[in-house]
Amino acid sequence: MKRLPRKYHKLRNQKLDLAILARGGIRLYHRDTALGHDVYLLAKKRYQIIEFDGNYLSSKAELLFELEQKLKLPPVGNNYDRFNDYLYDFSTGDNGVVLVFRHLHKLELEVLYILLDMLAFHTRRKIVTGQKLLTLVQLPSRFFSFKEPIGALNFELWNDIE
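Bear in mind that the values here come from a model prediction, so they are computed numbers and not experimental data.

Colleague: Pulling in residues and values, what's your account of the overall build of the protein?
Modeller: A count of helical and extended segments in the protein gives six helices and four strands. The N-to-C order of helical and strand elements in the protein reads α-α-β-α-β-α-α-β-α-β. Among the 162 residues that make up the protein, the fraction classed as buried is 44%. Intrachain contacts of the protein at a sequence separation of at least 6 include 74% that bridge at least 24 residues. A total of about 9,100 Å² of accessible surface is found on the protein, and carbon and sulfur atoms cover 53% of it.

Shown next, in the form of C-alpha cells:
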C-alpha cells in the first residue's frame, strides 16, 4: 500500500470535520484505531462526543431508548417518527456534536439504514443554520455497503485512512 505524503495527513487532520460534512456527515469505519483517531481529532476541535456501544444494541427499541437517553430527548418509545420529530429541535450547540456508534454488528441492517438515513437528512438540514452533526459508525466488515443510498443521496461514507 502506498503511503500518503505527510502534508496530506496534516491537512486531513485539520479539516476532518469539513471533509465528513462535505460527504454527507456520516463516515464508516472498521478498525478501532481509525475510529479512535478521528474521534480524538474531533474532540480536540471541541465537538461534543456522544458514544454508543453497539454490543448492547440489538433491536430498534434498544437503539431508540439509548438515543433518547444520551441525546436527552423526550420519550421516544419504539417510534421512528417521534425520534425524527425530536431531531428537528435537537441543538448541536456552538461546536457541534459527533455521534459515535461502535461495534454495530448486532443491529439489523434495516434498523441501521433507517437511523443513518434520518441522521443524514438532519445533518444537511442543520448545516444550513451553522449547526454541525456528524455520525461515525463502526461496522464489522470493511466491505460492508448499503443497497440503497443514505439520505436519498449516494455518499462516499468510508473513512479515507483504511
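Colleague: Provide a residue-level description of the pattern of salt bridges, including the pertinent values.
Modeller: Throughout the structure, instances matching the rule amount to four salt bridges. Between K45 and D17 there is a salt bridge; the shortest N-O distance is 3.0 Å. Within this pair, whereas K45 is found in the loop between α3 (32-44) and β2 (48-53), its partner D17 is found in helix α2 (residues 16-22), the two being separated by 28 residues in sequence. Note that D17 and K132 form a salt bridge whose closest N and O atoms lie 3.8 Å from each other.

Colleague: Can you tell me about the nonpolar core, naming the residues and giving the values?
Modeller: L67, L71, F83, L99, F101 and L112 are the most contacted members of the largest nonpolar core, which totals 34 residues. Of all the elements in the fold, those that place two or more residues in this core are β1 (26-29), β2, α4 (60-70), α5 (80-89), β3 (97-102), α6 (109-127) and β4 (133-138). Top element by residues in this core is α6. It accounts for seven residues. When sequence neighbours within four positions are dropped, the list of residues in contact with L67 reads F52, K72, L73, F83, F101 and L115. Listed in part, the 14 residues of the second largest apolar core include I20, Y29, A34 and L41.

Colleague: Before we move on, could you go through the pairing of β3 and cite the residues and values that matter?
Modeller: Extensive coverage of β3 is indicated by the burial of six of its six residues. Of the two faces of β3, the one lined by V97, L99 and F101 and the one lined by V98, V100 and R102 are each fully buried. Inspection of the sheet shows β2 paired to β3 by six bridges, in the parallel sense. From the neighbouring strand, E51 faces β3, where its bridge partner is V100. Sheet topology places β3 next to β4; five bridges connect them, and they run parallel. For V98, the partnering residue across the bridge sits in β4 and is L134.

Calculation criteria
Going along each chain's sequence as written, the residues are numbered from 1 onward. Note on the predicted model: pLDDT of at least 70 is required for a residue's local features to be given, and 80 or more for side-chain atom pairs to be given and counted; whole-chain, interface and lining totals, by contrast, use all residues. By convention in this description, side-chain values take in all heavy atoms of the structure and omit both hydrogens and water. Helix and strand labels come from DSSP, where a helix needs a run of H or I of at least four residues and a strand needs a run of E of at least two; each type is numbered from the N terminus. Each residue's exposure class comes from its accessible area (1.4 Å probe, protein chains only) as a fraction of the maximum for that residue type: buried when under 20%, exposed when over 50%, partly exposed otherwise. By the convention used here, residues are in contact when the closest approach between their heavy atoms is within 4.5 Å. The method behind every accessible area is Shrake-Rupley, applied with a 1.4 Å probe, and residues are considered shielded solely by the protein chains displayed. Any carboxyl oxygen of Asp or Glu within 4 Å of a side-chain nitrogen of Lys or Arg constitutes a salt bridge here. What we call a nonpolar core is a set of buried Ala, Val, Leu, Ile, Met, Phe, Trp, Tyr and Cys residues that are connected through their side-chain atoms within 4.5 Å. Whether two strands pair comes down to DSSP finding at least two bridges between them.

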